[in-house]
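The chain contents come next:
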Amino acid sequence: MYVIIAYDVAVERVNKIKSYLRTQLTWVQNSLFEGEITESRYMEINKNLLNLINEQEDSIVIYKFSNPNLVERENYGVKKGDPNEVVL
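The structure contained in this document is the topic of the report that follows. Because the structure is predicted, anything quoted here is derived from the model rather than measured.

Quick notes on the rules
- Residues numbered from 1 in each chain as written.
- Predicted model: local features only at pLDDT ≥ 70, side-chain atom pairs only at ≥ 80, totals over all residues.
- Heavy atoms only, no water.
- Phe/Tyr/Trp six-rings, centres within 6.5 Å; stacked < 30°, edge-to-face > 60°.
- Helix = DSSP H or I, 4+ residues; strand = E, 2+ residues; numbered from the N terminus.
- Buried < 20%, exposed > 50% of the residue type's maximum accessible area, 1.4 Å probe, protein only.
- Salt bridge = Lys/Arg side-chain N within 4 Å of Asp/Glu carboxyl O.

### Remarks on the packing of aromatic side chains
Inspection of every chain in the model, using the stated rule, returns one aromatic pair. When the centroid spacing of 6.3 Å and the interplanar angle of 25° are considered together, the rings of Y7 and F33 count as stacked. Here F33 lies in strand β3 (residues 32-36) and Y7 lies in strand β1 (residues 2-8), a separation of 26 residues in the sequence. Residue class for F33 comes out buried when judged on its relative accessible area of 0%.

Have a look at this one:
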């Protein structure tokens, strides 16, 4: 599956979320990551994100696409990361 993850979290948790997601997906823009992953990896990412946030203060939105070919991407301006690059 292909996922796009956007987040809006308290300042004290931004670096934790960003650092974790950079090990899993491609950093596209501030607070936005994307990539192709398996269902089991999705479940792991979901669980870990829930452990990192405060559900009363933070928000994470995950868009899931069963077929990566359905994602049409247009990019303008400075690009943060290569869709094929994940920082391990």
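That covers the picture; the talk isn't over yet.
### A word on the pattern of salt bridges
Tallied over the entire structure, the rule returns three salt bridges. Residues E57 and R13 are paired through a salt bridge, measuring 2.9 Å at the closest nitrogen-oxygen approach. Here the residue E57 occupies a position in the loop between α2 (39-52) and β4 (59-65), and R13 occupies one in helix α1 (residues 11-22), the gap between them amounting to 44 residues. For the salt bridge of D58 with R13, the shortest nitrogen-to-oxygen distance reads 2.6 Å. A residue pair is termed long-range when its members are at least 10 positions apart, and D58 in the loop between α2 and β4 and R13 in helix α1 qualify at 45 residues. For R13, a relative accessible area of 12% translates into the label buried.

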